[in-house]
Amino acid sequence: YADDPPCRCLEGFAPRSPQDWRLYDYSDGCKRKFDLNCSNRDGFVKYDGLKLPDNVVVWPNLTPEECAAECLRKCDCMAYTRINPLGNGSQCVVWFGDLIDLRDFPEEGEELYIRMARAEIGKRLYSAVWNVILEYGNVLLVLVLTSGMH
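The residue numbers shown here count from 1 along each chain, following its written sequence. In keeping with the predicted nature of the model, local features appear solely for residues at pLDDT of at least 70, side-chain atom pairs appear and are counted solely at 80 or more, and the whole-chain, interface and lining totals rest on all residues. Values shown for side chains rest on all heavy atoms present in the structure; no hydrogens or waters enter the calculation.

Caption draft 1: Geometry of helix 2 (residues 64–73). Exposure categories follow from relative accessible area, calculated using a 1.4 Å probe and restricted to protein chains: below 20% of the type maximum is buried, above 50% is exposed, and the middle band is partly exposed. Segments assigned H or I by DSSP are reported as helices when at least four residues long, segments assigned E as strands when at least two residues long, and all are numbered from the N terminus. Taken together, the buried positions of helix 2 are occupied by C67, A68 and C71. Down the axis of helix 2, the sector holding all buried residues measures 95°, keeping them to one side. Along helix 2, exposed side chains directed more than 90 degrees from the buried face belong to E65 and R73. Considering only its buried residues, helix 2 is in contact with strand 3 (43–51), strand 4 (57–59), strand 5 (77–83), strand 6 (91–96) and strand 8 (110–116). Taking the helix axis as origin, the arc is that swept by the directions to the C-beta atoms. Contacts are assigned to residue pairs that have any heavy atoms within 4.5 Å of one another.

Caption draft 2: View of the side chain of E120. Looking at the secondary structure, you find E120 in helix 3 (residues 118–147). You can call E120 buried: its relative accessible area is 1%. The residues contacting E120, other than those within four sequence positions of it, are G12 and F34.

Caption draft 3: Representation of the pattern of salt bridges in the model. Only one rule defines a salt bridge in this text: a Lys or Arg side-chain nitrogen within 4 Å of an Asp or Glu carboxyl oxygen. One pass over the full model with this rule turns up eight salt bridges. When the shortest N-O distance is used, the salt bridge between K74 and E70 registers 3.6 Å. The exposure class assigned to E70 is partly exposed, which follows from its relative accessible area of 22%. For R103, the salt bridge is made with D101, and the minimal N-O distance between the two is 2.5 Å. Salt bridges here are not isolated pairs; linked through shared partners, they connect K51, D54, D101 and R103.

Caption draft 4: Quick peek at the sheet that holds strand 6. Between any two strands, pairing holds if DSSP finds at least two bridges. The six strands lie next to each other as 4-6-5-8-3-7, forming an open sheet whose pairing is antiparallel. Edge positions in the open sheet fall to strand 4 and strand 7 (103–104), since each of these has one partner strand only. Two elements, strand 3 and strand 7, share two bridges in a ladder whose sense is antiparallel. What sits directly across from K51, in strand 7, is R103.

Caption draft 5: How the structure looks around the nonpolar core. Take the buried residues of types Ala, Val, Leu, Ile, Met, Phe, Trp, Tyr and Cys, join any two whose side-chain atoms come within 4.5 Å, and each joined set is a nonpolar core. F13, V45, Y47, L50, L52, A79, V93, W95, L112, I114 and M116 together form the largest nonpolar core, which totals 11 residues. Within the second largest apolar cluster, nine residues are counted, among which are W59, C71, C77 and C92.

Caption draft 6: Quick look at the side chain of S17. Take S17: it is sitting in the loop between strand 1 (13–15) and helix 1 (18–22). Under the rule applied, a polar contact is a pair of N or O atoms within 3.5 Å (in protein, one hydrogen donor and one hydrogen acceptor; residues adjacent in sequence only if both atoms are side-chain atoms). Of note is the side chain of S17, whose polar atom sits 2.9 Å from the side chain of D20.

Caption draft 7: Expanded view of the packing of aromatic side chains. Under the pairing criterion, centres of Phe, Tyr and Trp rings, with the six-membered ring standing for Trp, must be within 6.5 Å; the plane angle then separates stacked pairs below 30 degrees from edge-to-face pairs above 60, leaving the rest tilted. Using the criterion set out here, one finds four aromatic pairs in the structure. Ring centres of F44 and Y80 lie 4.9 Å apart, and the angle between their planes is 85°; on these two criteria the pair is classed as edge-to-face. Here Y80 lies in strand 5 and F44 lies in strand 3, a separation of 36 residues in the sequence. Of the aromatic side chains, those joined through ring pairs into one cluster are F44, Y80 and Y113.

Rendered as structure tokens:
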């Protein structure tokens, strides 16, 4: 674990000040690799296993679909999730502005949908499709090799 940095940026983000990060100063946090453009079909990317950020706002009485749509409609809404703290129905929870004190918490963390630029979403979709093609290609290659070995 000696090589693990104490702070990391989520996929799709990069250090805001790489020179400070080299000096172990992470106080400026991370920035998106692609700028948001609210009028150009931003979307949300799901991240799992996180400690939710500070400065939460609760929007009661919204379905999951309404929660996502309302957050997307407000350009300063940066993330949302659904939580059920009292066991009496889940609540729409959103964050505006910077996501402060977001942490990796793989064992007991929550899911969080973070607003991302269309370019980042497209990059992820392309990567996922390419991985399926590669996986399918490997299976096909194995089938061809094994079928020729009678």
